[in-house]
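Spelled out, the chains give:
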Amino acid sequence: MNLSTHIGGLALENPVIAASGTFGYGEEYIKAGDVSWFGAVSIKGTTIAPRAGNPPPRTCETPSGLLNSIGLENPGARVVIGQKLPWLARFSVPIIANISAVSCEEFSELAGMFAKSPHVSALEVNVSCPNVKAGGIAFGTSADMCYEATRAVRKAWKGPLIVKLTPNVADMRAIAKAAVEGGADALSLINTLVGMAIDIHSMRPVLGNITGGLSGPAIKPVALRCVWEVSQAVSVPVIGMGGICSATDALEFIMAGASAVAIGTGLLIDPELPRKVTQGIKEYCESRGIESLQEIVGAAWR
Amino acid sequence: MDLRQIHDVDARIVRLSNIRGNLYSMCLEAPEIARTAKPMQFVNIALGDSTDPLLRRPFSLSGIHPDRGTIGITWAVVGRGTQIMAGWQAGRSVRVLGPLGNGLGIDRLCIDHGLVLVAGGTGIAPLTPLASQALEKEAELQVFYGARSASELLDTGDLGAACMVHLATEDGSVGFGGLVTGLLEARLSAGALGNGRPTVVSCGPKPMLNHVKQICNRHGLPLLVSLEARMACGYGVCQGCVVPRAGGKQGYYRVCTDGPVFRAEDIELGECTG
Ligand SMILES: Cc1cc2nc3c(=O)[nH]c(=O)nc-3n(C[C@H](O)[C@H](O)[C@H](O)COP(=O)(O)OP(=O)(O)OC[C@H]3O[C@@H](n4cnc5c(N)ncnc54)[C@H](O)[C@@H]3O)c2cc1C
Ligand SMILES: Cc1cc2nc3c(=O)[nH]c(=O)nc-3n(C[C@H](O)[C@H](O)[C@H](O)COP(=O)(O)O)c2cc1C
Ligand code: FES
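As a further point, take the packing of aromatic side chains. Under the criterion given, the structure shown has 9 aromatic pairs over all chains. Measuring from centroid to centroid gives 5.3 Å for tryptophan 87 of chain A and phenylalanine 91 of chain A, while their planes differ by 70 degrees, and the two rings are edge-to-face. An aromatic cluster is built from Phe23, Tyr29 and Phe38 of chain A together with Tyr235 of chain B, whose rings are joined through pairwise contacts. A cation over a ring is seen here: arginine 58 of chain A above tyrosine 252 of chain B, with NZ or CZ 4.7 Å from the ring centre. The residue whose ring lies beneath arginine 245 of chain B is tyrosine 253 of chain B, and the NZ or CZ to ring-centre distance is 4.4 Å.

As a further point, take the confidence of the model for chain B. Averaged over every residue, the pLDDT of chain B is 92; the share at 70 or more is 98%. Here the complex is predicted with pTM 0.95, and the ipTM for its interfaces comes to 0.95.

This paragraph deals with the sheet that holds strand E10 (residues 164–169) of chain B. Strand pairing in a sheet relies on backbone hydrogen bonds, with the paired strands running either antiparallel or parallel. All names here are of chain B. A sheet is described by the order of its strands in space; here 7 strands give the open sequence E11-E10-E9-E8-E12-E13-E16, paired in mixed fashion. The strands lining the two open edges of the sheet, one partner per strand, are strand E11 (176–177) and strand E16 (261–263). Where helix H3 (residues 124–136) meets the sheet, its contacts fall on strand E8 (115–120), strand E9 (141–147) and strand E12 (199–203), and the angle it forms with E8 comes to roughly 165 degrees. Contacts from helix H6 (residues 206–219) reach E8, E12 and strand E13 (223–226) within the one sheet, and its direction differs from that of E12 by about 165 degrees.

Accessible area lost during the coming together of the parts is what is often quoted as the interface size. On the chain A side, the residues contacting the 29 residues of chain B number 38 residues. At the boundary of chain B with chain A, the tally comes to 2 salt bridges. In this structure, arginine 57 of chain B and glutamate 61 of chain A form a salt bridge, with 2.8 Å as the shortest nitrogen-oxygen distance. Here chain B and chain A share 11 residue pairs in polar contact (both at pLDDT 80 or more) between them. Tallied by class, the residues present in the side of chain B that touches chain A amount to 14 nonpolar, 8 polar and 7 charged.

Reading the values: the criteria
Residues numbered from 1 in each chain as written. Chains lettered and ligands numbered in written order. Predicted model: local features only at pLDDT ≥ 70, side-chain atom pairs only at ≥ 80, totals over all residues. Heavy atoms only, no water. Phe/Tyr/Trp six-rings, centres within 6.5 Å; stacked < 30°, edge-to-face > 60°. Lys NZ or Arg CZ within 6 Å of the ring centre and 35° of its normal. pLDDT = per-residue confidence, 0-100. Pairing = 2+ DSSP bridges. Helix = DSSP H or I, 4+ residues; strand = E, 2+ residues; numbered from the N terminus. Contact = heavy atoms within 4.5 Å. Axes fitted to C-alpha atoms, helices over the stretch in contact; angles between N-to-C directions. Salt bridge = Lys/Arg side-chain N within 4 Å of Asp/Glu carboxyl O. Polar contact = N/O pair within 3.5 Å; in protein donor to acceptor, adjacent residues only side chain to side chain. Nonpolar A, V, L, I, M, F, W, Y, C, P; charged D, E, K, R; others polar.

So this is what it looks like as structure tokens:
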């Protein structure tokens, strides 16, 4: 059974990816899980300058979901490129660098910085972070801005270019098409949905940042619908994510049109999930005589 | 090479009991965790196969027994997750991720001038394995332990026989009437701890920790505190559990991997969550 897949020029041995922000840079993960079960890993969203992130509390559990307002805490591109990536590269798993910026100039500068690293297999442009005030999600909610941001990165980066989209828009298809026109080789979806929680004892919002991004099983039906719509609207491969906690979940995304899947919140609960999901996909396919994963990508609409 | 130090094990509940009121304890068969765990480390316990509640819950190790291959945890029912756990029975298996956090082995501590443990509420639980190690090393050990009332005090059993345990209850039903910090201050001011500078380790609610920090500052005593924070992963990947750095330093520490044990001067207790 052949589990390999392609996302915009990037060949993966297996379709399961670590979602950005739930794997860090691998240093902690390797103590609890086995990186080799990932087809690729997407590192924590990285910005040019270091960011301290938002004030705590930063997480709140909701029914079958998780709200987070981390706020892109990261040590900055220089440290990531100089220290984190060379360390992570030893595991020989393709590294996807997730980047975030407040302007097209910054996006272009960041892409140029990562282009000089020998360890980056693909760039994932985060135009969908709900937890930062400037930039972030603004680029992902307007087709024009998404096009401009993608173009800015495209000019500075020749390798596989993934644009990560937000579901917090009226029609994702228009944004997705703009990203592809701007030069995206693949699309990642979905980032978190903006939400909040209130503590009735203190009568205040739970999160220090007031609002946060909702992830986990609670958003899976929304995410599936997004993958279904976008994968039929564009010709580039889609990486599907949102609440994947089992092989069944992953298969649903693949059948909705995803060429690969990412696990975020599920990883926080079970570091061994990538192995379980990969093995489960394989078993499903073998039990049905499916020889290649590609046979079932988009099976629900093809 | 297996780099894994944190194990996700199917642990059988050997014993589970209701201590009294909303306080419970259980003993889990988890040899992989028991073998390497240090005092003040914690585990992340899955509540079942359902996605609601979604996250695991963090609990400090109140017992570490490598010889028997077991670990113990002690908890208070405060919400849905801890209520679900209270309904579990011996014999069932639960998924336990650990050991987590930096922990605090006795070898990392200066105990030449003695060791003072200050606990509030369930905060006594994680201090118990440390106390055992300290007694094995024949450290001069004193324990200050407070709760709202006698019914909320956990049994300090073996500890009581081996060292000085000073109890405080807010309603005065047992021991000193008032907060444990009031008792600590009174004993320190009376010179009851001698002239040395014992190391203080404290675990309990944030206001208590703050108070202990002020007292230790006044008396020039080194203080280590064990913190709690809202956690999603418990193993360092999500950056959800942060506490602000002190001393003019920018940014945050993660309670789950940089802690839960911190030197009091390294963190901003005033703003930490829990
Ligand atoms: C490192 C660490 C060690 C801990 N050790 C112990 C222990 O030994 N014994 C014990 O009784 N408790 C311990 N706790 C606290 C325990 O994890 C929480 O009480 C538990 O997660 C609450 O779950 P729940 O579903 O019952 O409550 P929920 O319904 O989730 O919440 C009920 C209340 O608990 C608070 N709460 C929720 N999650 C946490 C959390 N992760 N940390 C602190 N408060 C929280 C909420 O703010 C709320 O007020 C520890 C927490 C941490 C971070
Ligand atoms: C704690 C946390 C941090 C995240 N950080 C980032 C980030 O830095 N960059 C990014 O593009 N997405 C980030 N995400 C979004 C995830 O990568 C993913 O798109 C989303 O959570 C949906 O997948 P899930 O339900 O499997 O978590 C984060 C999610 C969580 C829960
Ligand atoms: S709880 Fe995830 S980093 Fe601490």
